[in-house]
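Here is how the chains run, residue by residue.
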Amino acid sequence: MLLPRKVEFAAKKKEKENIEFRTFLKIHAEEEELDRQFLALHKEVGRLEQNVVIEELERYCLRICCIQGLDTYIISPQNYDVLLADQKLLKQFYSRWVEETLRNFIQIATDVPDGRLYPAVVRHKNRWKKFEWEPVLCYQNRDVFYHVFYRNSWMCRECGHILHASIIMPMAEADAVFYSGVERNHIEVAPFFQKIPCTKCGRPLQNHLFLLNNIGQ
């Protein structure tokens, strides 16, 4: 057990060393050049940290692909439980929200019987570190994956009728900022998404939708 006085002595020693080092830099280094060097070092450390996250995340992936300009890490169903137990990796996403959302998406993908809905994590390279990683759901149509937003019901704006079903829509229509920073100006909507008519009034429901499994109206 460390004695409090020894901890205090070590802390004061480190504080003195830090002051001496900063004083040396202030006297002998050019301020602008020093700022450039520290910025370069900061970027390099950040790059190395992200490489570690990517290497760890890849171990759980079914597929890694670029969807609409975003690097997307699609999680394999056989690795759901192992990923959620990997607290070391989850903490490197810098946000409890990432873990909670990913856990929710895994539950949705497990509950929906379609079998082509997968949880994934995308990397927004242009965002701050805390917001760089974002969970998303992906839908596999043939051999292509698409970012999607999931709903278990949809209300017709015209008549108020509620359609109860497992529904997905293009992420571009669900979240206006999801693709912010992506070089492509126009995000394409996959052709399997359609304007679905309301089962009560017959008018088209807003947004492009796709019904995974109709579970009642």
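Quick word on the nonpolar core
Here is step 1 of the chain: Grouped together as the largest cluster of nonpolar side chains are 33 residues, with contacts concentrated most on L57, F93 and W133.
Here is step 2 of the chain: Those elements that place two or more of their residues in this core are α2 (31-58), β1 (61-67), β2 (70-75), α3 (80-85), α4 (87-91), α5 (96-111), β3 (117-123) and β4 (133-141).
Here is step 3 of the chain: Among all residues touching F93, those that are not within four sequence positions of it are V53, L57, V98, V121, K130 and W133.
Here is step 4 of the chain: F105, V148, Y150 and F192 belong to the second largest nonpolar core, which has 13 residues in total.

Points about the confidence of the model for the protein chain
Here is step 1 of the chain: Per-residue confidence for the protein chain gives a mean pLDDT of 84; residues scoring 70 or more make up 78%.
Here is step 2 of the chain: Per-element averaging of pLDDT across the protein chain places α2 at the bottom with 62 and β3 at the top with 97.
Here is step 3 of the chain: Low pLDDT (under 50) marks residues 41-48, which in the prediction has 0 contacts with non-local residues, meaning those over four places away or in another chain.

Let's talk about empty space enclosed by the protein
Here is step 1 of the chain: Within this structure, the stated rule accounts for 1 cavity of 30 Å³ or more.
Here is step 2 of the chain: In this model, the largest cavity occupies a volume close to 40 Å³.
Here is step 3 of the chain: Considering the residues around the largest cavity, the lining is formed by W154, C156, H161, L163, P197, C198, T199 and L205.
Here is step 4 of the chain: When the residues that make up the lining of the largest cavity are grouped by side-chain class, the tally is 6 nonpolar, 2 polar and no charged.

Observations concerning the pattern of salt bridges
Where side chains of opposite charge bring their charged atoms close, a pairing between them can arise.
Here is step 1 of the chain: Evaluation of the coordinates by the stated rule reveals 11 salt bridges.
Here is step 2 of the chain: In this structure, the salt-bridge partner of R96 is E99, at a minimum N-O distance of 3.0 Å. Of this pair, R96 and E99 both sit in helix α5, separated by 3 residues, roughly a single helical turn.
Here is step 3 of the chain: Residue R96 is classed as exposed on the basis of its relative accessible area, which comes to 54%.
Here is step 4 of the chain: We classify E99 as buried; its relative accessible area is 8%.
Here is step 5 of the chain: For R203, the salt bridge goes to E158, with nearest N and O atoms at 3.0 Å. One end of the pair, R203, is in the loop between α6 (171-174) and β7 (210-214); the other, E158, is in the loop between β5 (144-155) and β6 (162-170), with 45 residues separating them in the sequence.
Here is step 6 of the chain: According to the relative accessible area criterion, R203 is partly exposed, its value standing at 46%.
Here is step 7 of the chain: Members of the salt-bridge network, linked through shared partners, are R96, E99, E100 and R103.

A few points about the state of the cysteines
Here is step 1 of the chain: Under the criterion given, the structure shown has 0 disulfides.
Here is step 2 of the chain: The thiol of C159 is not disulfide-bonded; the next cysteine sulfur, from C198, is found 3.7 Å away.
Here is step 3 of the chain: Residue C198 is classed as buried on the basis of its relative accessible area, which comes to 5%.

Conventions used here
Residues numbered from 1 in each chain as written. Predicted model: local features only at pLDDT ≥ 70, side-chain atom pairs only at ≥ 80, totals over all residues. Heavy atoms only, no water. Core = buried A, V, L, I, M, F, W, Y, C linked by side-chain atoms within 4.5 Å. Buried < 20%, exposed > 50% of the residue type's maximum accessible area, 1.4 Å probe, protein only. Helix = DSSP H or I, 4+ residues; strand = E, 2+ residues; numbered from the N terminus. Contact = heavy atoms within 4.5 Å. pLDDT = per-residue confidence, 0-100. 1 Å grid on protein atoms, 1.4 Å probe; cavity = no way out; pocket = protein on both sides within 12 Å on 5 of 7 lines; lining within 4 Å. Points joined across faces, edges and corners; volume = space filled by probe spheres on them. Nonpolar A, V, L, I, M, F, W, Y, C, P; charged D, E, K, R; others polar. Salt bridge = Lys/Arg side-chain N within 4 Å of Asp/Glu carboxyl O. Disulfide = S-S within 2.5 Å.

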